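Working through the structure, step by step
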Amino acid sequence: MMMVKVSNGTLTPLFVLILNSERNLEMSKNPLRDGIGPWPTSIRDQESLKETMSATEQKTIEREARLWEEEYGTLKVIPSSTRELPSKALLLFSEILDFKHLKKVLDAGCGIGRNAIYLAQKGCEVHAVDISQTAISKLQRAALRAEVRERITIYNIPLRETFPFENNSFDLVLDSYVFCHFTDEDFKQNYRKELHRITKPGGIVFSSLFSEEDEYYKKIIQNGYGKENIVTDPKNGITKRLYTEAEIKDFFSTHFDILYFVKFEFEDIVLGLPYRRSILALALRKPA
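Residues numbered from 1 in each chain as written. Predicted model: local features only at pLDDT ≥ 70, side-chain atom pairs only at ≥ 80, totals over all residues. Heavy atoms only, no water.

1. Here's the deal with the overall build of the protein
- A tally of regular secondary structure across the protein gives nine helices and 11 strands.
- The 288 residues of the protein split such that 53% are buried.
- In the protein, the share of contacts with a sequence separation of at least 24, taken over all contacts with a separation of at least 6, comes to 77%.
- For the protein, the accessible area works out to roughly 13200 Å², and carbon and sulfur atoms hold 48% of it. (Helix = DSSP H or I, 4+ residues; strand = E, 2+ residues; numbered from the N terminus. Buried < 20%, exposed > 50% of the residue type's maximum accessible area, 1.4 Å probe, protein only. Contact = heavy atoms within 4.5 Å. Areas by Shrake-Rupley, 256 points an atom, 1.4 Å probe, with all protein chains shown as cover.)

Given below as C-alpha cells:
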C-alpha cells in the first residue's frame, strides 16, 4: 500500500560532460557487438573537455564513474539499477502534468532508461544522460526492444558544471533521484542555475529524492555510515543527501514556481529485505 501527501510545491533538472571518449566514438559510429547498430549519440572530445577541468575534478569524475559502473554492472544495490518499470514518483505525476504534451525532454542521470523509455513511448523526444557506460548499454538494448530507439538521444557523460545544452532547450527536465547525490553546496547552487537555464520558460522540472524518514537510509545512518542526513551506503560506496519537505522547497523555490509537491511512502525490497521508503517529489515550473 502506498501513502501519498500532496500539496502545491517546487522542483529541479540536471546536466553532463564525458569520459571514455574513444569508446563512445566507436559506439556512435560502428555497430555494437550485440547488434544494436549506430545510435543517436552526442559526443564531446575528451581532450577538449580535460582543458576545462582541474586534476582534482578529473579524479572526482573518475571515482564517480567507477562507483556507478560497479553499481550497474555487479552490485545492483539500488532497486532502480535493475528495474524496468518507470518510477512510482513519475507515474504519480503523469496525468497531472500530461507528459505527452511536453515534447522535448532531458532525462538527467537516466540509468538503465526506465523513465526515458516510458516518456519516449508517450511520443516525447528524449535526451538521456548518464555517466555509466554499463547503464547506457542497457538503455540501448531496452529501447530497441521497446521500439523507441529513434526517439532517444544518448549522452555518456558526467554531470558537471555547465550542461552541454543551449538556453531554453527543454519542455521537461527529469531529475529522478539524481540531485540527492550532490553534497557540495557550490555545485548544488550551480546545478539549480543550470536546470533553470536549459528549461524553457513555462517548462517543467520534475524532481524526486529520498526524505530523511526513509527507513533504509535511516538504518545506515544508525549503523554509523552517515552524518546530518548525508549517508554513504557501505554496500556500494554511493553517497546521498536526505531532505525534509521544508529544505527541498526552500532550495528550489528561489528559481522555480512550485506547482505540486508530494510526499509518499511504500514498501520496497533492497537486497532481499523489506524497507519503508519515504519519497519527496516536486513539479517545478520555470516562470515564463
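Moving on, there is more to tell.
2. Focus on helix H9 (residues 245-252)
- Those residues of H9 not exposed but buried are Ile-248, Lys-249, Phe-251 and Phe-252. Angular distribution of buried residues about the axis of H9 spans 160°; they occupy a single face of the element. (Arc of directions from axis to C-beta.)

3. Points about unusual backbone geometry
- The phi dihedral of Lys-76 is positive, around 55°, even though this residue is not glycine.
- Structurally, Lys-76 is set in the loop between helix H3 (55-75) and helix H4 (88-97).
- The phi dihedral of Tyr-177 falls on the positive side, at around 60°, and the residue is not glycine.
- Within the element layout of this structure, Tyr-177 appears in the loop between strand S5 (170-176) and helix H7 (185-198).
- Take Tyr-177: its relative accessible area is 14%, and that puts it in the buried class.

4. Quick look at the side chain of Thr-199
- Relative to the helices and strands, Thr-199 resides in strand S6 (residues 199-210).
- Classification of Thr-199 as buried rests on a relative accessible area of 0%.
- At 2.7 Å, the side chain of Thr-199 and the backbone oxygen of Leu-195 are in polar contact. (Polar contact = N/O pair within 3.5 Å; in protein donor to acceptor, adjacent residues only side chain to side chain.)

5. Some points on the pairing of S6
- Here S6 lies mainly inside the structure; nine of its 12 residues are buried.
- Note: S5 against S6, six bridges, orientation parallel. Considered in S6, the bridge of Asp-175 is made with Ser-207.
- Once you follow S5 into H7 and on to S6, the crossover reads as right-handed. (Pairing = 2+ DSSP bridges. Right-handed = clockwise from strand over helix to strand, strands pointing away.)

6. A look at the packing of aromatic side chains
- Inspection of the entire model under this criterion finds 19 aromatic pairs.
- Between Phe-210 and Tyr-217, the aromatic rings sit 5.2 Å apart at their centres with planes inclined by 65°, giving edge-to-face as the arrangement. The pair formed by Phe-210 and Tyr-217 is uniform in burial state, with each residue classed as buried.
- Ring pairs connect the aromatic residues Phe-163, Phe-179, Phe-182, Phe-187, Tyr-191, Tyr-243, Phe-251 and Phe-252, which therefore count as one cluster.
- Lys-88 extends its terminal NZ or CZ atom over the ring of Phe-266, reaching a point 4.5 Å from the ring centre.
- Between Lys-104 and the ring centre of Phe-170, over which it is positioned, the NZ or CZ distance is 5.4 Å. (Phe/Tyr/Trp six-rings, centres within 6.5 Å; stacked < 30°, edge-to-face > 60°. Lys NZ or Arg CZ within 6 Å of the ring centre and 35° of its normal.)

7. Some details on the side chain of Ser-94
- Examined against the element boundaries, Ser-94 turns out to sit in helix H4.
- Of the residues examined, Ser-94 reaches a relative accessible area of 14% and is grouped as buried.

8. Observations concerning the packing of H3 against helix H6 (residues 133-145)
- It is the contact of H3 with H6, at a shortest axis distance of 7 Å, that shows an interaxial angle of 50°. With respect to H6, the axis of H3 lies oblique. From H3, Glu-69, Tyr-72 and Gly-73 reach across to H6, where they touch Gln-133, Thr-134, Ala-135 and Lys-138.
- Residue composition of the contact of H3 with H6, grouped by class: two nonpolar, three polar and two charged. (Axes fitted to C-alpha atoms, helices over the stretch in contact; angles between N-to-C directions. Parallel < 35°, antiparallel > 145°, perpendicular 65-115°, else oblique. Nonpolar A, V, L, I, M, F, W, Y, C, P; charged D, E, K, R; others polar.)

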